[in-house]
Amino acid sequence: MLRVLELFSGIGGMHCALDFLDLNYEIVAAIDINPTANVVYSSNFPNVPIINRSIETISLKQWEKWNADLWTMSPPCQPFTRQGKQEDLNDRRTDGFVYLMKTILSQLKSKPKYILLENVSGFEHSQAHQLLLETLQSNNYSYEQYLLSPIQFGIPNSRLRYYLIAKQQDNSIDTYSPIIHTRISNFEKLLTKLHEQFPLKTSLSSEENLIQNRNDQITDQCSHSSEILIDSNQSMFINDFLVSNENSEFELDEKQLKRGLNVCDIITCYAKRSFCFTKSYAKYFEGTGSLFSTLTDHIRYFTPKEIANLHCFPLNYNFPQQITNRQAYSLLGNSLNVFVISILLENLFERF
Ligand SMILES: C[S@@+](CC[C@H](N)C(=O)[O-])C[C@H]1O[C@@H](n2cnc3c(N)ncnc32)[C@H](O)[C@@H]1O
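Residues numbered from 1 in each chain as written. Predicted model: local features only at pLDDT ≥ 70, side-chain atom pairs only at ≥ 80, totals over all residues. Heavy atoms only, no water.

- Quoted verbatim from the Sequence similarities (unreviewed entry) field of the UniProt record, the comment on the protein reads "Belongs to the class I-like SAM-binding methyltransferase superfamily. C5-methyltransferase family." (UniProt positions renumbered as here; feature names shortened; annotations may be inferred.)

**As for the sheet that holds strand E9 (residues 266-267)**
- The strand order across the open sheet built from three strands is E9-E10-E11, with neighbouring strands paired in mixed fashion. A strand with exactly one partner marks an edge of an open sheet, and here the two such strands are E9 and strand E11 (299-300).
- Sheet analysis places E9 next to strand E10 (residues 291-293), joined by two bridges and oriented parallel. Residue pairing for E10: isoleucine 266 is matched across the bridge by leucine 291. (Pairing = 2+ DSSP bridges. Helix = DSSP H or I, 4+ residues; strand = E, 2+ residues; numbered from the N terminus.)

**Describing the site of the ligand**
- Not every one of the 18 residues close to the ligand is listed here, only the nearest: Ile11, Gly13, Asp32, Ile55 and Ser335.
- One nitrogen or oxygen atom from the main chain of isoleucine 55 is found 2.9 Å from a nitrogen atom belonging to the ligand.
- At a separation of 3.0 Å, a nitrogen atom of the ligand approaches a polar side-chain atom of serine 74.
- Considering the ligand on its own, with 600 Å² of exposed area, one finds that the protein chains cover 91% of that surface.
- Along the lines of polarity and charge, the residues of the shell around the ligand split into six nonpolar, nine polar and three charged. (Near = heavy atom within 4 Å. Polar contact = N/O pair within 3.5 Å; in protein donor to acceptor, adjacent residues only side chain to side chain. Areas by Shrake-Rupley, 256 points an atom, 1.4 Å probe, with all protein chains shown as cover. Nonpolar A, V, L, I, M, F, W, Y, C, P; charged D, E, K, R; others polar.)

**Structural notes on the pairing of strand E1 (residues 2-7)**
- Counting buried positions over the six residues of E1 gives five, a clear majority of the element.
- The pairing of E1 with strand E2 (residues 25-31) spans six bridges and is classified as parallel. Paired with glutamate 6 across the bridge in E2 is alanine 30.
- Chirality of the crossover, the property in question, places the unit of E1, helix H1 (residues 13-20) and E2 among those that are right-handed. (Buried < 20%, exposed > 50% of the residue type's maximum accessible area, 1.4 Å probe, protein only. Right-handed = clockwise from strand over helix to strand, strands pointing away.)

**Things to note about the domain arrangement of the protein**
- Under the domain assignment, the protein is made up of domain 1 (2-191 + 338-350) and domain 2 (199-334).
- Of the residues lining the interface, 30 residues belong to domain 1; the matching set on domain 2 comes to 39 residues.
- Both faces combined, the contact of domain 1 with domain 2 buries some 2900 Å², and carbon together with sulfur accounts for 61% of it.
- Three residues, Ile11, Pro156 and Arg159, lead the burial of domain 1 against domain 2; their summed loss comes to 21% of the area buried on that side.
- Linking domain 1 with domain 2 are one salt bridge.
- Here the side of domain 1 that touches domain 2 gets six residues from one element, more than from any other, and that element is helix H2 (residues 35-44).
- Grouping the constituent residues of the side of domain 1 that touches domain 2 by class yields 16 nonpolar, 11 polar and three charged. (Domains from an automatic or database assignment. Contact = heavy atoms within 4.5 Å. Buried area = accessible area lost by both parts, 1.4 Å probe. Salt bridge = Lys/Arg side-chain N within 4 Å of Asp/Glu carboxyl O.)

**Re the pairing of strand E4 (residues 70-73)**
- The alternating pattern of E4 places Leu70 and Thr72 on one face and Trp71 and Met73 on the opposite face, and all of these are buried.
- Examined bridge by bridge, E4 and strand E5 (residues 114-120) share four bridges and lie parallel to one another. Across the sheet, the residue bridging to leucine 70 is tyrosine 114, located in E5.

**With respect to the packing of aromatic side chains**
- Under the criterion given, the structure shown has 19 aromatic pairs.
- Their ring planes at 35 degrees and their centres at 4.8 Å tell us that phenylalanine 198 and phenylalanine 241 sit as a pair that is tilted. Here phenylalanine 241 lies in the loop between helix H7 (206-222) and helix H8 (254-263) and phenylalanine 198 lies in the loop between helix H6 (188-197) and H7, a separation of 43 residues in the sequence. Of the two residues, phenylalanine 198 and phenylalanine 241, both sit in the buried class.
- An aromatic cluster of three or more residues is present, and its members are Phe277, Tyr281, Phe285, Phe292, Tyr301, Phe302 and Tyr329. (Phe/Tyr/Trp six-rings, centres within 6.5 Å; stacked < 30°, edge-to-face > 60°.)

See the structure below:
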């Protein structure tokens, strides 16, 4: 059985991706300092030991005991985001990652055979990225790097992210490819499985087709750096991810409408795209994610469950009652697309 350490585990996006693959695995520990994320994690995965501690406070001895085969990690992205100060390694929020690279991975006797890392696009230009590659090279890992977005696989959401998959080799490696791939193969089987989870239920009348054509033009503009990797008839509609079209609880009030309509991207159920949902969704308007226009022309927010669907979380994934919508948006904004992670894992285990 594959022993997995889920580092910076949040609400368990990596765990969901492992489940999607039907692997024989065990999460030996999920580690995160955010108690709210940990409540959501344990509500969905009650049997996983959750460690509510900073990674940098956990001793080498404990890592030896875990003896993990796979590390998954999404270190905090704020030190690298365009909106942030980009303090990179000087930002205290990278301390956990630096500790993992300099102290743990370098000194550990029972090193993981596999590593998967996710971060914002832009990470690839950071000193932290340099530290990652140097540490992997000096510990004999081969690796591949990617910049991918769910929209490339027909999932109507943009979320361009940097990914690295690494595997420890028995023999020393001569050369390391600096290429960051913007496409990936070996995903068709998983795409069929995704379509079973979110069936393509939308067929369009000619009037709706017109609307969709307009939306598609916008898709082309939005996905500038992401090459679409599927046939157009396989791409999914926003409708396929909705819980219901109308939802008065999530409609904008008049004051919000006045502000939101001018600065927000608004899409219908026939759209094949949406903007990246950030942790500030429903708190600020600009650049935090798309709004939804219902069939009766009401403007509403996407619900947390719908964003979880767009992130391809399993249908039975839940947010416990004590979690507010604002908390759920914030956690989802920090999380990841489960389907893209599962493709990377498939490639890591099967091919690489
Ligand atoms: C980008 S989010 C990861 C999200 C996660 N992949 C998910 O699916 O929800 C980064 C997470 O790292 C946690 N974190 C930040 N610094 C940490 C540290 N030093 N030790 C442990 N967890 C940390 C944050 O609380 C946050 O939940």
